[in-house]
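One-letter residues, chain by chain:
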Amino acid sequence: MLEPINVSLASLNLVTLSPMLIAIAGGLIILIIDLFKDGLHKSLYVMMTILILFVDFGSVMGLNVNERGFFDVMLIDGVAIISQLLILAASILFIPLALTSKRFHEYSYPEFFALFLFMIAGFQFMVASDNLVLIFVGIETASLSLYTLIALHNRNNSYEAAVKYFTMGALAAGFFVMGSAIIYALTGSIELYQVADVLQDRINEPAVMGTILGGSIFLLAAFAFKLSLFPFHTWTPDVYEGASAPLAGYMSIVPKIAVFVVAMRIFGMYIDLGVEWVRILILILAVLTMTLSNMMALVQQDVKRMLAYSSISHAGFVMAALALDTTKGNTGIFLYYGLFMFTNLGAFAMLWISRHKNRIFHERYDHPYEKFAGLVKIMPMGAVVMGLFMLSLAGVPPFSIFWGKIYIMSAAVDAGYIWLAVVMGLNSAIAAFYYLKLIVYMFLYDPVENDNTVYYNASKPLMTIIGIAVAATVGSVFFMQPLISYIFYMVSASGY
Amino acid sequence: MDNILSVLIFFPAVAGLLGFVVDKSSARVYGISVATVELLLAIWLWMSFDGTNAGMQFVELIPLVPDFGINYYVGVDGISLFIVIMAALMTLLGMIGMNIEKDVKNMIISLLFLEMTMIGVFVALDAIVFYLFWELSLVPMLYIIGAWGGPRRIYASIKFFLYTFTGSLIMLVGMLFIAYLYYSVSGVWSFSITDWYALVLPVNYQIWLFMAFFAGFAIKVPMFPFHTWLPYAHGQAPTIGSVILAAVLLKMGTYGFIRFSLPLFPDASVMMIPFMTVLAVIMIIYTAMVAYAQEDMKQVIAYSSVSHMGVIVLGTFAMNAEGISGSVFLMLSHGIVSGALFMLVGVIYDRRHTKEMSEFGGLAAVMPKYAVIFGIMLMASVGLPLTIGFVGEFLVLLGFYQVSPVATVLAGTTIIIGAMYMLRLFKRTFFGPITNEANRNLPDLNAREMTALVPLVIIVVWLGVYPKPVLAPIDTSVKALLNFMEEKAQTPEAKETIILSKQTKEAE
């Protein structure tokens, strides 16, 4: 006779689950509304989604730092809270971009919004757990939803993009599971805090180091796919090109924040245990990523592909901060993405504004540089705004990303990696070239004839989002102090 | 008014923003009025400045990111005061002399933003604020060269931007490292230069940091072998762009050496004297020779301006009061003289749309006023006594003689080669018979151009004859700087070099 297991509801601490549950319930509500009444306008769903995300945001704000829940698989530490806040903020900024003046049919499906909310729940699970199985479930929930969202876009290469991403993602998932299996084989646990304890005892046994190497190479490959690090970055430009512009912008931020948190938990543990070559491996990957993707970005003819490579390069920049494994470095990761979020989403939204149903400028690309030639004459404000985003991405002070850049460079200098800071600096200089290229096209060339429809797709909600992004980009100096001190406090509270 | 520096920085920026509203037809008058007010404010700053006080005056400190030690921290001393005034003056006169029809409004707005960044760089006392204005100054200049320049303007503007940007990012790493060292000693983050001054750095760190800052400053100056961007920038830039570039933007580099490199790394600076001397002497002689070989008037002046920048660098590394005061003074005179020369070339370019010397000849007969002003500026550029150019150049050579007579003699050849290429330019364009029929009916300087040029002529003669009102405050601050460096220096060689220079000054 089996012993009955008693579980008290209070010990489950269900409040730790509440943010994800809100997102999932919200997704279901949207599906149910669709069940009862067809043909509702997309604006309803957009607003519903914003409201659900708002409630979600509130419930995250209400969480206490350093709690566990639900049989201890949920881990709500400072990192989990800030990353969820960032994910939700980026999502709230993203979703109004659906309200374009032209109809793009993906946003007419309520399923789009339901999937979007499920995806967010998946990301939230990823960041709020140190259980490898739950992290895996989170990754897959989020990724499968994201594949579908990409495929919903009405371009032929959207299917290509979705399938490419799916295949790559499946491979990455395989790597992740293999890596986790090795960790389990080594330690008999899938909870990272227990893994750390066991490894601490066994670290000096002869065969252990080789096994850790095998396991972490699998995991690193899995994360490198998700973070689009060299040499696993090849899918990124194609997928970004196939996805709609705002979704591409979204993909360059939110999935990466989530994966960075997981990577921070796993590799931070290894580095703390004194496994130095994990750090070296990450540094090599990071440096190669930022340098090579910068080189690739130089030769792109399409602005969207250029931004895709640029976001790879930014991911490499942040990955280097991960390898430092200092509180300042980890603070830098969130600070950087917090600032990158506004600027990059804004830049992609500017591309979205200039989206046409047909490709009238180039047979292969939606956003060739020529399309933006002389934009300052056609649409002065648009050109200035896009120029600000480009300058910010290039790291020109006082625009937002500059602060993220100096914070991470300063973290590298503090940790004794001056060469890394120099490499980062030189890479920023290379990157400046391709951002400048767009500025030069917009401000210094004459417009291509027979065209006056660059700002084709603009609408009030889009303008609002871009306005918010501009305000955050330009006024960043005024909120740096609270932002840095809040993130630093949260990161150090969770012991990273 | 204690916060006059903030007003000076942000007045042109606010005016630039409001300028978007001003109608195109009135933009020019708007710009000139704003620049006049700015100049009056700058003169007010001079009037309320205490010339006997060597320290920072009109200091303002507002915390921006206290956790990371970044403050809005500005102040002015004798070294920066006159560069600020010159920046305001040259912006105003450049605007008056400007003869641009296309997109005047955009030009005025760019110039006003540029003025903000220029003044910001020279009054910033926080490294990050300095860096912020330093980088920001690239953007309007990129636009000015790229939008109103010659046929290869886009190449020139991007080259300008990328060169400076790359150098300054390396400088940024240096700044972050000093901040970290400061943090590890004091436990507090700070980017304030005055806090950093208190930091005594190990000599080997000083050398590395000196090189990091050198990367930023040397490209800006531009020192040989990093000078290749400048002839392109000058060659393609519109007149106003060249005026501002030569008069003010290049001074950021030499000012940086005095504000950062010397007091922060006194030992490394002394150790680097031979290295800097060699580079500066090569720069002086080589670019002067290149200037002699040019066929284009503007290129002659561009290369001569690089050559004179070499003299400024040389003076900075003389490590004595004559040398450094001379080099600060030379920054002012170089700004005024080369600014005026670029304007003068612009005048003839507006009339003939060419700058080739072979196209001209005998202009003195057609345009007498133009020839006179050109002649005066040319003499000042060569360094004729009783012009502004003489004072600085003489002091620098006098100062550097104590360090190395040989290098001084070599650098002194700049006066001879300078006279050669300048007189050749003058002879070929102004004297002789009128060879080109197109030149026969050229109008002389009009009222607008006279308004822009005559004040410069007055300053050239006034400060050439009686430089004391400007030189005295500079000297006070420079001596304080040298005293400070000598106290801070650790190696005996450095102490000796700096003491030696002090004694010679006191013996006078």
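Conventions and cut-offs
- Residues numbered from 1 in each chain as written.
- Chains lettered and ligands numbered in written order.
- Predicted model: local features only at pLDDT ≥ 70, side-chain atom pairs only at ≥ 80, totals over all residues.
- Helix = DSSP H or I, 4+ residues; strand = E, 2+ residues; numbered from the N terminus.
- Rg over C-alpha atoms; globule rule 2.2 N^0.38 Å.
- Buried ≥ 20, exposed ≤ 12 C-beta atoms within 10 Å, placed from the backbone.
- Contact = placed C-beta atoms within 7 Å.
- Axes fitted to C-alpha atoms, helices over the stretch in contact; angles between N-to-C directions.
- Parallel < 35°, antiparallel > 145°, perpendicular 65-115°, else oblique.
- Left-handed = near helix turned anticlockwise from the far one by under 90°.
- Nonpolar A, V, L, I, M, F, W, Y, C, P; charged D, E, K, R; others polar.
- Expected span 1.5 Å × (residues − 1).
- Pairing = 2+ DSSP bridges.
- pLDDT = per-residue confidence, 0-100.

*Asks:* So what exactly am I meant to see when it comes to the overall build of chain B here?
*Replies:* Of the regular secondary structure elements, chain B holds 22 helices and two strands. Relative to the 2.2 N^0.38 estimate, which gives 23 Å for 508 residues, the radius of gyration of chain B is 22 Å and therefore close to what a compact globule would have. Dimensions of chain B along its principal axes, counting C-alpha atoms only, are 70 × 55 × 40 Å. For chain B, buried positions account for 61% of its 508 residues.

*Asks:* Just checking my understanding: could you explain the overall build of chain A for this structure?
*Replies:* Each helix and strand counted, chain A has 21 helices and two strands in total. Over its C-alpha atoms chain A spans a radius of gyration of 22 Å, differing by no more than 12% from the 23 Å that the globule rule assigns to 496 residues. The principal-axis extents of the C-alpha atoms in chain A amount to approximately 80 × 60 × 40 Å. Expressed as a percentage of its 496 residues, the buried residues of chain A come to 59%. Partitioning the contacts of chain A with sequence separation of at least 6, the portion at a separation of at least 24 is 81%.

*Asks:* Hey, could you run me through the packing of helix α17 (residues 368-382) of chain B against helix α20 (residues 447-465) of chain B in this one?
*Replies:* To describe two helices that pack against each other, one gives the angle between their axes and the distance between the axes. All names here are of chain B. In the contact formed by α17 and α20, the axes pass within 11 Å of each other and the chain directions differ by 40°. When the axes of α17 and α20 are compared, the pair comes out oblique. In terms of crossing hand, the pair formed by α17 and α20 is left-handed. Contacts between α17 and α20 involve I373, I376, M377 and A380 from the former and L453, V457 and V460 from the latter.

*Asks:* Honestly, the interface of chain B and chain A in this entry has me stumped. Any pointers?
*Replies:* Accessible area lost when the parts come together is the quantity often used to give the size of an interface. Listed by partner, the interface residues are 27 residues for chain B and 27 residues for chain A. Contributions of two or more residues to the side of chain B that touches chain A are made by β1 (57-65), α5 (127-136), α6 (138-148) and α7 (153-186) of chain B. No other element matches the 14 residues that α7(B) contributes to the side of chain B that touches chain A. Class assignment for the residues of the side of chain B that touches chain A results in 23 nonpolar, two polar and two charged.

*Asks:* How should the packing of helix α1 (residues 4-19) of chain B against helix α2 (residues 27-47) of chain B be read in this particular structure?
*Replies:* Residues and elements named next belong to chain B. Running from N to C, α1 and α2 cross one another at 175°; their axes reach a closest spacing of 10 Å. Comparing the axis directions of α1 and α2 gives the class roughly antiparallel. Across the interface between the two elements, I4, V7, L8, F11, P12, A15 and G19 of α1 pack against A27, Y30, V34, E38, L41, A42, W44 and L45 of α2. A class-by-class count of the residues in the contact of α1 with α2 yields 13 nonpolar, one polar and one charged.

*Asks:* Got a minute to help me understand the environment of E111(A) in this structure?
*Replies:* Residues and elements named next belong to chain A. Here E111 is to be found in helix α5 (residues 110-127). A tally of 17 C-beta atoms within 10 Å means that E111 is categorised as partly exposed. Between the C-alpha atom of E111 and that of G395, which follows or precedes it by 284 residues, the distance is 38 Å.

*Asks:* Explain unusual backbone geometry to me, please; I cannot follow it from the model alone.
*Replies:* Both trends apply: most residues other than glycine have a negative phi, and most peptide bonds are in trans. That bond from P397(A) to P398(A) is cis: its omega, 0°, falls within 30 degrees of zero. Examined against the element boundaries, P398(A) turns out to sit in the loop between α17 (380-394) and α18 (400-414). Following F224(B), the chain continues into P225(B) via a peptide bond in cis, with omega recorded as 0°. Position of P225(B) among the secondary structure elements: in the loop between α9 (203-220) and α10 (229-236). Of note, F70(A) is a non-glycine position whose phi angle comes to about 50°, a positive value. Note that F70(A) resides in the loop between β1 (67-69) and β2 (74-76). In this structure, L386(B) takes a positive phi of about 70° despite not being glycine. Checked against the element boundaries, L386(B) lands in the loop between α17 and α18 (388-401).

*Asks:* Explain helix α19 (residues 405-430) of chain B here, please?
*Replies:* Residue and element names in this part refer to chain B. Over its 26 residues, α19 runs 37 Å from end to end, which matches the ideal 38 Å to within 8%, given 1.5 Å per residue. Restricting attention to buried positions, one finds in α19 the residues A407, T408, A411, T414, G418, Y421, M422, L425, T429 and F430. Buried residues along α19 sit in contact with α13 (273-293), α14 (297-316), α16 (363-366), α17 and α18. Positive backbone phi, approximately 85°, marks G432, located one or two places after α19.

*Asks:* How should I be thinking about the pairing of β1(B) in this particular structure?
*Replies:* Both faces of the sheet carry side chains from a regular strand, because those side chains alternate between them. All names here are of chain B. Here β1 pairs with strand β2 (residues 70-76) via six bridges, running antiparallel. Within the sheet, the bridge partner assigned to E60 lies in β2 and is V74. Linkage of β1 to β2, two consecutive antiparallel strands, is achieved through a turn of four residues, within which G69 is found at a positive phi near 75°.

*Asks:* Is there a simple way to explain the environment of H314(A) in this structure?
*Replies:* Residues and elements named next belong to chain A. Topologically, H314 is positioned in helix α14 (residues 303-324). Judged by the 27 C-beta atoms lying within 10 Å of it, H314 falls in the buried class. Put simply, H314 and Y337 are 23 residues apart on the chain and 9.3 Å apart in space, counted from C-alpha to C-alpha.

*Asks:* Please explain the environment of I120(A) as it appears in this structure.
*Replies:* Residues and elements named next belong to chain A. For I120, the position within the fold is in helix α5. The class for I120 is buried, based on 31 C-beta atoms found within 10 Å. When the C-alpha positions of I120 and S91 are compared, they lie 8.1 Å apart, and in sequence the two are 29 residues distant.

*Asks:* Looking at this model, I keep getting lost on the confidence of the model for chain B. Mind explaining?
*Replies:* Detailed reading of the predicted model is not advised wherever pLDDT is low. Residues and elements named next belong to chain B. Confidence in the prediction of chain B, expressed as mean pLDDT, is 88, and 98% of residues score 70 or more. Averaged over each element, pLDDT in chain B is lowest for helix α22 (residues 492-507) (64) and highest for α2 (93). Confidence estimates for the predicted assembly give a pTM of 0.92 and an ipTM of 0.88.

*Asks:* In this structure, what is going on with α10(B)? I would like to understand it.
*Replies:* Since the α-helix turns once every 3.6 residues, residues separated by three or four places project in the same direction. Residue and element names in this part refer to chain B. Across the eight residues of α10, eight count as buried, placing the element largely inside the fold. Buried within α10 are the following residues: W229, L230, P231, Y232, A233, H234, G235 and Q236. Tucked into the core, α10 has its buried residues touching α6, α7, α11 (239-264) and α14.

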